[in-house]
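Breakdown of the fold
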Amino acid sequence: MTPLGARRVRGAGGGGKEIQMNRISLIDMKGSEAIGRRDLMRACIAAAAARPAVAQYPRLNPLPEGEAVVRPDGPVTDLFTGGNLFAVYNHDTSQAGNYRPFFHPILAPNHLAVTQNGEFPGSLRGHHWHRGLFIAHQKVNDVSFWEERAADCGKIVHLGFDLAESGPVGRLRQRLAWRDLAGRDLLQETRFIEARSGGANLRFLDLGLRLQALDRPVVFHKTMYNLLACRVPDSMCLPPQKERYTKLYGPLVNFQPMDRFGQITNSEGQQNEACGGARARWCDFSGPLLDGSVAGVALMDHPANPRFPTRWHNWNNMTIIASFTYDEPFELKPGQVLALNYRVVSHTGDARQAGIQEVWAQYSKTEPLAKEK
């Protein structure tokens, strides 16, 4: 039996280790009437001081060299590489307001986030559905699986994990349903997720999407807003957005540093706005973080994907999107399968310093995680 306050962590062999989590017992408020107001305040201050200012993850030691740990933790699953948190997968769509699973934060090897949760984090202002790294589509059979509105948007519903495995590679295999407003499932999806270290300055998150139409045709309509997208932190944005948002919203936003800017780069050597609409094997967004370091995130299209190399959409110099139906729709007949595969790379330095072209060359030779059969 796990002791009170302990949390069980799954290791590489499928077993678990008990990690004792310290709990602070606050004053039993039923008896607080007998305590003077000053004493009560002192007790609360002392209890608060004993808590860490930032939530601490339990250390997962000892870990084999190169180990990747998958740790389910209620509504999220944490992915670790080398004993450090790499990504948090928020998958509990049973909670109100959760329209689809998403990854946030995704951390660079310097332990700082290269994703942002929404246009105005912590609020439902603006494009709040740009949640870190996410998979979505704006128009499937006339239903939006991109925005988040109760009146007219569908949901990508988490049904469960068939695999959650730690080891040299952390693996998840997930079942999902793309469900319309009437509660009917248009698609069933099997999502393959692999996390691994790429060395001191690289972390890899490989995604395989196997999407199968059910009892009716499914049309992924033409739109730029699909299928794999990543919202980067404000600090990494380009000059027009930093200047405009700061002027409009002032203290509601923080685009610091204001004298350094990010850069969008693709495999064809194009940069920034020129990447929007271009076909490319990969697209990278790198830039400064609040501590002054430079890091980034690259999205990679697998050669096995239909319509490779994909077109890319660059929304507002803030979100890069691998747009599978940028030019034309894609239709599945009942029972047909669409398989798409991507690699997400978090890294320190810019795209050139991180060797993103070489990483893609290696990825292009790997077997796709998702296949039609």
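How each quantity is defined
- Every chain begins its residue count from 1, and numbering advances along the sequence as written.
- Owing to the predicted nature of the model, reporting of local features is limited to residues with pLDDT of at least 70; listing and counting of side-chain atom pairs is limited to 80 or more, with chain, interface and lining totals taken over all residues.
- To get the side-chain values, take all heavy atoms of the structure and skip hydrogens and water.
- Every residue carries a pLDDT, the predictor's confidence in it, which falls somewhere between 0 and 100.
- The contact definition used throughout considers only heavy atoms, calling two residues in contact when any of these lie within 4.5 Å.
- Between the rings of Phe, Tyr and Trp (Trp by its six-membered ring), a pair exists once the centres lie within 6.5 Å; its type follows the angle of the planes, with under 30 degrees stacked, over 60 edge-to-face, and the other angles tilted.
- The numbering of helices and of strands both runs from the N terminus, where a helix is a DSSP run of H or I of at least 4 residues and a strand a run of E of at least 2.
- Partly exposed describes any residue whose relative accessible area lies between the buried limit of under 20% and the exposed limit of over 50%, with all areas from a 1.4 Å probe on protein chains only and scaled to the type maximum.
- Here, a charge over a ring is recorded when the distance from Lys NZ or Arg CZ to the ring centre is within 6 Å and its angle to the ring normal is within 35 degrees.
- Basic side-chain nitrogens of Lys or Arg form a salt bridge, by our definition, when they fall within 4 Å of a carboxyl oxygen of Asp or Glu.
- Each pair of strands is called paired provided DSSP finds at least two bridges between the two strands.
- Angles shown run from 0 to 180 degrees and are taken between the N-to-C directions of axes, each axis being a line fitted to C-alpha atoms and, for helices, limited to the stretch in contact.
- The arc in question is the one traced by the directions running from the helix axis out to the C-beta atoms.
- Residues belong to one nonpolar core when they are buried, are Ala, Val, Leu, Ile, Met, Phe, Trp, Tyr or Cys, and are joined through side-chain atoms within 4.5 Å.

**Looking at the confidence of the model for the chain**
- Mean pLDDT for the chain: 87, with 82% of residues reaching 70 or above.
- Note on residues 1–57: pLDDT under 50 across the span, and 60 contacts to partners over four residues away in sequence or across chains.

**Points about the packing of aromatic side chains**
- Taken as a whole, this structure holds eleven aromatic pairs when the rule is applied.
- Taken together, a centroid distance of 6.1 Å and an interplanar angle of 5° make the contact between Phe 308 and Trp 360 stacked. In this pair, Phe 308 is assigned in the loop between β16 (294–301) and β17 (311–315) and Trp 360 in helix α3 (residues 356–363), connecting sequence segments 52 residues apart.
- Owing to a relative accessible area of 28%, Phe 308 belongs among the partly exposed residues under this scheme.
- Under the relative-accessibility criterion, Trp 360 is labelled buried at 9%.
- Among the aromatic residues, those joined into a cluster by ring pairs are Phe 120, Tyr 245, Tyr 249 and Phe 255.
- When the ring centre of Phe 120 is taken as reference, the NZ or CZ atom of Arg 125 above it lies at 5.1 Å.
- Sitting above the plane of the Phe 204 ring, Arg 343 keeps its charged end 4.3 Å from the centroid.

**Section: the pattern of salt bridges**
- Tallying each qualifying case throughout the model produces 21 salt bridges.
- For Asp 206, the salt bridge is made with Arg 343, and the minimal N-O distance between the two is 2.6 Å. You can see Asp 206 sitting in strand β11 (residues 202–213) and its partner Arg 343 sitting in strand β20 (residues 337–348), a full 137 residues away along the chain.
- Of the residues examined, Asp 206 reaches a relative accessible area of 6% and is grouped as buried.
- Here Glu 367 makes a salt bridge to Lys 371, at a shortest N to O gap of 3.2 Å.
- Counted as one network, the salt bridges with shared partners bring together Glu 165, Arg 171, Glu 194, Arg 196, Asp 206 and Arg 343.

**Considering the sheet that holds strand β6 (residues 102–106)**
- Spatially, eight strands are ordered β3-β4-β5-β6-β7-β13-β18-β17 in an open sheet, and the strand pairing comes out antiparallel. In this open sheet, the two edge strands, each paired with only one partner strand, are β3 (68–73) and β17. For this sheet, the mean angle separating the axes of adjacent strands, direction not counted, is 25°.
- Alignment of strand β13 (residues 226–231) against strand β18 (residues 319–323), held across four bridges, turns out to be antiparallel. Bridge pairing links Leu 228 to Ala 322 in β18.

**Some words on α3**
- Among the residues making up α3, those that are buried are Ile 356, Val 359, Trp 360 and Tyr 363. End-on view of α3: buried residues confined to an arc of 100°, all on one side of the axis.

**A closer look at unusual backbone geometry**
- The omega angle of the peptide bond from His 104 to Pro 105 is -5°, so this bond is cis rather than trans.
- By the secondary structure assignment, Pro 105 is in strand β6.
- Note the cis peptide between Phe 308 and Pro 309, where omega equals -10°.
- For Pro 309, the position within the fold is in the loop between β16 and β17.
- For Asp 142, which is not glycine, the phi dihedral falls at a positive 70°.
- By relative accessible area, which is 58% here, Asp 142 ends up exposed.
- In this model, Asn 316 sits at a positive phi of 60°, which is unusual for a non-glycine residue.

**Here we look at the nonpolar core**
- Grouped together as the largest cluster of nonpolar side chains are 55 residues, with contacts concentrated most on Phe 103, Leu 133 and Leu 205.
- With sequence-adjacent residues up to four places away left out, Leu 205 is seen in contact with Leu 79, Phe 86, Phe 103, Ile 106, Leu 133, Ile 193, Glu 194, Ala 195, Tyr 342, Arg 343 and Val 344.
- Counting residues in hydrophobic clusters, the runner-up holds 14 residues, among them Trp 146, Cys 237, Tyr 245 and Val 253.

**What about the side chain of Asp 234?**
- Turning to its location among the elements, Asp 234 is positioned in the loop between β13 and α2 (239–249).
- Note on Asp 234: relative accessible area 7%, which makes it buried.
- Sequence-distant contacts of Asp 234, that is, excluding residues within four places in its chain, are made with Gln 116, Lys 242, Asn 254 and Phe 255.

**A few points about α2**
- All of the buried residues along α2 are Gln 241, Lys 242 and Tyr 245. With its buried residues spanning 100° around the axis, α2 presents them on a single face.

**Structural notes on the pairing of strand β10 (residues 185–197)**
- Looking at chain direction, strand β9 (residues 170–179) and β10 are connected through ten bridges and run antiparallel. Looking at the pairing, Arg 175 lines up with Thr 190 of β10.
- Between β9 and β10, which pair antiparallel one after the other, the connecting turn spans five residues, and Gly 183 there sits at a positive phi close to 85°.
- Taken together, the eleven bridges between β10 and β11 define a ladder with antiparallel strand orientation.

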